[in-house]
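Listed below are the residues making up each chain.
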Amino acid sequence: MCDSARLSRRTLLALAVAAPASGTRPVLGGDRLARDTVQAGSTTGLPRRLTARSWLVADHDTGQVLAAHRAHRRLPPASTLKMLFADTLLDRLPRGGRHTVTAADLAGIPAGSSLVGIRAGTTYTVDQLWQGVFLRSGNDAVHVLAHMNGGVARTVAEMRAKARELRALDTHVVSPDGFDHPGQVSSAYDLTLFARHGLRDPGFRSYCRTRTADFPAGGGKTFQIQNTDRLLSGTWGLRAYPGLIGVKNGYTSNAGNTFTGAATRGGRTLLVTVMHPADSTNAVYEQAAALLDWGFAQGAAARPVGTLVEPVGEGHGTAPSPTSGSGAGGTVAGGTVARGPSAGRLVEGAGTAVALLAGGAWALRRRRAPVRARGRHRE
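The model shown is predicted, which means the values in this text are computed figures rather than measured ones.

## Here's the deal with helix H4 (residues 139-148)
In terms of residue burial, H4 counts as a mostly covered element, since eight of its ten residues are buried. Those residues of H4 not exposed but buried are Asn139, Asp140, Ala141, Val142, His143, Val144, Leu145 and Ala146. Following H4 by one or two positions, Gly150 has its phi on the positive side, about 115°.

Quick look at the structure:
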């Protein structure tokens, strides 16, 4: 066997990123979150027909994961990635600021994108642009805001940095809008982190729970836009979910239907993420609602199966542990969580080591499981 002391830095990095995200190595938030079988502290009343490729339900306030299935599985996120876009940019631009859109602002929007209807030459407030992002999932609104932030490339780089700050280590950002691009992936775990972080911001919470808004049509006219979140709006044969406060839905042909939601009942707020159910368009909402129902009915008594980690620097310093609220080898309310360095921690750290390892891990996974290049983006 080769003496590891004589291995080159490149070889050591290759060995690190080759380590599996599941199996015998602990993972961020708890070992059970990487397993391929349903993990739940109590299966009483747990929905039987869950066809999603990945899902998770958690307590917003405590961060306890109540149940999950393949929570760290890397999948195309579709427009749920816009939560990370908002986490990154929302506080940088004053809501009352105004911007007259140019043709350059709208260049490069992928064909088939969902659009809110922004026109070059029309002036919009930042508040209106964010309404276009949250309500209509408008890629045109995303690109305008990205250009206001210094450009798409800069915004993508900042979103990657924000994901690392939030310890969302399954996520690799290629575009700010969530449209299908090779290598653009996230996970139910990471999307839930994005939602939890965002809901701590009053502006984020306000946008994601808005059902309708008047949007500029040019020439002093407006038209009404509606939120495409069917559990919020109660459309397409679904009833509005009681207590829902957002957060974001998405669809592309490659990602399928994706959804992260939050609801409050009886003083408790739960988060749920569902990725790519096998059946109808409404299935992502139906399964999310069923998981929320279970969480409110049974979740308080269920032993947690893991935890949502806190961002870097929030009680963790610059070298965060793999768990939230406990040391290595600790427990969260009776549920065992990760011991020792997690697979996620292979790409944690400071400076260039973070970007290098994260990029290497992503590249390796993309070679093993390539994502189709393009898809139609409808929500």
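## Observations concerning the side chain of Ser186
Take Ser186: it is sitting in the loop between helix H5 (152-165) and helix H6 (188-199). Ignoring any residue separated from it by four or fewer positions in sequence, one finds Ser186 in contact with Arg73, Arg74, Leu75, Pro77, Asp170, Thr171, Leu191 and Phe194.

## Description of unusual backbone geometry
The residue after Gly246, namely Val247, is reached through a cis peptide bond having omega 25°. Tracing the chain through its elements places Val247 in strand S8 (residues 244-252). Notably, His276 is not glycine yet its phi reads approximately 60°, a positive angle. Structurally, His276 can be placed in the loop between strand S10 (268-275) and helix H9 (283-298). Looking at His276, the relative accessible area reads 23%, which means it is partly exposed.

## Focus: the pattern of salt bridges
Under the defined criterion, the tally for this structure stands at ten salt bridges. In this structure, the salt-bridge partner of Arg268 is Asp59, at a minimum N-O distance of 3.6 Å. Of this pair, Arg268 sits in strand S10 while Asp59 sits in strand S2 (residues 54-59), and the two are 209 residues apart along the sequence. The exposure class assigned to Arg268 is buried, which follows from its relative accessible area of 19%. By relative accessible area, which is 8% here, Asp59 ends up buried. Between Arg92 and Glu158 there is a salt bridge, with its nearest N and O atoms 2.4 Å apart. In this pair, Arg92 sits in the loop between helix H2 (82-89) and strand S4 (98-100) while Glu158 sits in helix H5, placing the two residues 66 residues apart along the sequence. Taken together, the salt bridges that share partners define one network made up of Arg92, Arg154 and Glu158.

## Considering the nonpolar core
Note on soluble globular proteins: their nonpolar side chains tend to be buried together. Residues Phe85, Ile118, Trp130, Phe134, Tyr189 and Phe204 are the most contacted members of the largest nonpolar core, which totals 59 residues. When neighbours within four sequence positions are excluded, Phe134 is seen to be in contact with Ala86, Phe204, Tyr207, Cys208, Asn227 and Lys248. If you look at the next biggest cluster of nonpolar residues, it comprises 27 residues, including Trp55, Ala263, Leu270 and Phe296.

Cut-offs and rules
- Residues numbered from 1 in each chain as written.
- Predicted model: local features only at pLDDT ≥ 70, side-chain atom pairs only at ≥ 80, totals over all residues.
- Heavy atoms only, no water.
- Buried < 20%, exposed > 50% of the residue type's maximum accessible area, 1.4 Å probe, protein only.
- Helix = DSSP H or I, 4+ residues; strand = E, 2+ residues; numbered from the N terminus.
- Contact = heavy atoms within 4.5 Å.
- Salt bridge = Lys/Arg side-chain N within 4 Å of Asp/Glu carboxyl O.
- Core = buried A, V, L, I, M, F, W, Y, C linked by side-chain atoms within 4.5 Å.

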